[in-house]
Amino acid sequence: MSDIPKHELLRAVDAQANRAAEAVRVLEDYARFVLDDSFLTQRLKQLRHRVEQLAQRCLTGQGFRMRDTQADVGTKISQPGEHRRSSWQALVEANARRLQQALRGLEEFCKLQESELASAWEQLRYESYTLHKALATTAQAQHRLAQAQLYLLLDAGESLKALVQLAEELIKAGVDVIQLREKHMGDRELLRRGAAVAEVCRACGAIFIFNDRPDLAFLARAHGVHVGQEELEVPQVRRIVGPDALVGVSTHSLEQAQAAVLDGADYIGIGPVFPSQTKRFSQFVGPGLVAQVVQQVSLPGFAIGGITLENLDEVLSAGIARVAVSAGILRTPDPGATAAQFKLRLRHAQN
């Protein structure tokens, strides 16, 4: 570094560090005040502190002494539209890009100091990419699923005709999302039935999700796919279904819910809340976990597992107004009427 003027280097590092800290603070406040997301707010706050701490190491606490804002040629250069943001999405994109560019600049400039500092900035840049994805995905998912409260898990039924008729009836009764979950049918017939339900959902304004099978979800033109903790991971599913499909993940702990956010899931199932008639579990998380997750994570979440009209109030008291139901609707004398009651109570809780 003997032939590199220290004054100019410190000026550049100071400017880039300020730019990075300012950008991450904007994103932090967006997560806090717009998304109301405690988890992402905390992660961004931690990132901001690490940016500031690493900057102190690079500048040895004296960076401000090298500033010369009045003579800085960059302060007089601006671009059209620089002083206006057209939407929340534009604000997030602008500041995420600003953060990433500043971190890359710090990485490059600090290569003139020592490789350890450059490597530290590189790791922060990689983390910024993950948080950018999580922020953007959460915002988009909140918008796409804003009206989705009642999620029905449906098996393939006795016949294609009966399945289509049931799907139509339940959508008219208030079901917002239908997931086709079937473990005992051949792929060809399952695809045929899935494609038929997908068509019904598109015609009626509902969302259709395939369970566990991103390949069949893609072929059936489903809106998305849902996977469990033992199935493919979100990035692997994305490679099959593409960027526009919804990807849901079953979660059984706060840590799994947070991991789903960082992986880029569009929604999560939280449970099992109660013993289920359709699926066996060794333990049940109860409404307590539901409350914990919704307090920390703003990604759309559906409480799932043994939910009925009789225990719905316990779920609603956890602060959630989205539920995924199977037997609690399908194994009642009048599934359509039961679905309508579910939807009425969910709407009331949301308001």
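Values in this document were obtained by computation on a predicted structure and should not be read as measured data.

K.L.:
Residue-level account of the pattern of salt bridges, with values.
P.N.:
A side chain with one charge can pair with a side chain of the opposite charge if their charged atoms come near. For the structure shown, the criterion picks out 19 salt bridges. For Glu127, the salt bridge is made with Arg43, and the minimal N-O distance between the two is 3.5 Å. On the criterion of sequence distance, the pair formed by Glu127 in helix H4 (residues 115-144) and Arg43 in helix H2 (residues 38-59) is long-range, its members being 84 residues apart. Exposure remark for Glu127: the relative accessible area of 12% places this residue in the buried category. A single network of salt bridges, built from pairs that share partners, joins Glu28, Arg48 and Glu52.

K.L.:
Could you give an account of helix H3 (residues 88-110), naming the residues involved and the relevant values?
P.N.:
With 23 residues, H3 should cover 33 Å at 1.5 Å per step; its first-to-last C-alpha distance of 33 Å lies within 8% of that length. Among all positions of H3, only Leu91, Val92, Asn95, Ala96, Leu99, Gln100, Ala102, Leu103, Gly105, Leu106, Glu107 and Cys110 are buried. Contacts from the buried residues of H3 go to helix H1 (6-34), H2 and H4.

K.L.:
Give me the sheet that holds strand S1 (residues 150-154): which residues, what numbers.
P.N.:
Reading around the circumference, S1-S2-S3-S4-S5-S6-S7-S8 is the order of the eight strands in this closed barrel, with parallel pairing throughout. Taking each pair of neighbouring strands and ignoring which way they run, the sheet shows an average axis angle of 25°. One ladder, built from three bridges, connects strand S3 (residues 207-211) with strand S4 (residues 224-227); its direction is parallel. Across the sheet, residue Ile209 finds its bridge partner in S4, namely Gly224. Against the sheet, helix H8 (residues 234-241) engages S4 and strand S5 (246-251), with an angle of about 155° to S5. Across the sheet, helix H9 (residues 254-263) touches S5 and strand S6 (267-270), and the angle it forms with S5 is around 165°.

K.L.:
Please provide a residue-by-residue account of the side chain of Asp212, values included.
P.N.:
Mapping Asp212 onto the fold places it in the loop between S3 and helix H7 (214-219). Separated by 2.3 Å, the side chains of Asp212 and Lys183 make a polar contact. Those residues in contact with Asp212 that lie beyond four places of it in its chain are Lys183, Val225, His226, Val227, Gly228 and Glu231.

K.L.:
Pulling in residues and values, what's your account of the nonpolar core?
P.N.:
In this structure, Leu40, Trp121 and Val323 are the most contacted members of the largest nonpolar core, which totals 101 residues. Counting residues per element, this core draws most heavily on H1, which supplies 11 residues. Within the second largest apolar cluster, 11 residues are counted, among which are Tyr151, Leu153, Leu246 and Ala324.

K.L.:
Describe the packing of H1 against H3, naming the residues involved and giving the relevant values.
P.N.:
Taken N-terminus to C-terminus, the directions of H1 and H3 make an angle of 150°; their axes are 8 Å apart at the nearest point. In terms of their interaxial angle, H1 and H3 are classed as roughly antiparallel. For the pair H1 and H3, the sense of crossing is left-handed. Looking at the contact of H1 with H3 residue by residue, the class counts come to 21 nonpolar, four polar and three charged.

Analysis parameters
Residues numbered from 1 in each chain as written. Predicted model: local features only at pLDDT ≥ 70, side-chain atom pairs only at ≥ 80, totals over all residues. Heavy atoms only, no water. Salt bridge = Lys/Arg side-chain N within 4 Å of Asp/Glu carboxyl O. Helix = DSSP H or I, 4+ residues; strand = E, 2+ residues; numbered from the N terminus. Buried < 20%, exposed > 50% of the residue type's maximum accessible area, 1.4 Å probe, protein only. Expected span 1.5 Å × (residues − 1). Contact = heavy atoms within 4.5 Å. Pairing = 2+ DSSP bridges. Axes fitted to C-alpha atoms, helices over the stretch in contact; angles between N-to-C directions. Polar contact = N/O pair within 3.5 Å; in protein donor to acceptor, adjacent residues only side chain to side chain. Core = buried A, V, L, I, M, F, W, Y, C linked by side-chain atoms within 4.5 Å. Parallel < 35°, antiparallel > 145°, perpendicular 65-115°, else oblique. Left-handed = near helix turned anticlockwise from the far one by under 90°. Nonpolar A, V, L, I, M, F, W, Y, C, P; charged D, E, K, R; others polar.

Remember that the coordinates give geometry; whether it matters functionally is a separate question.
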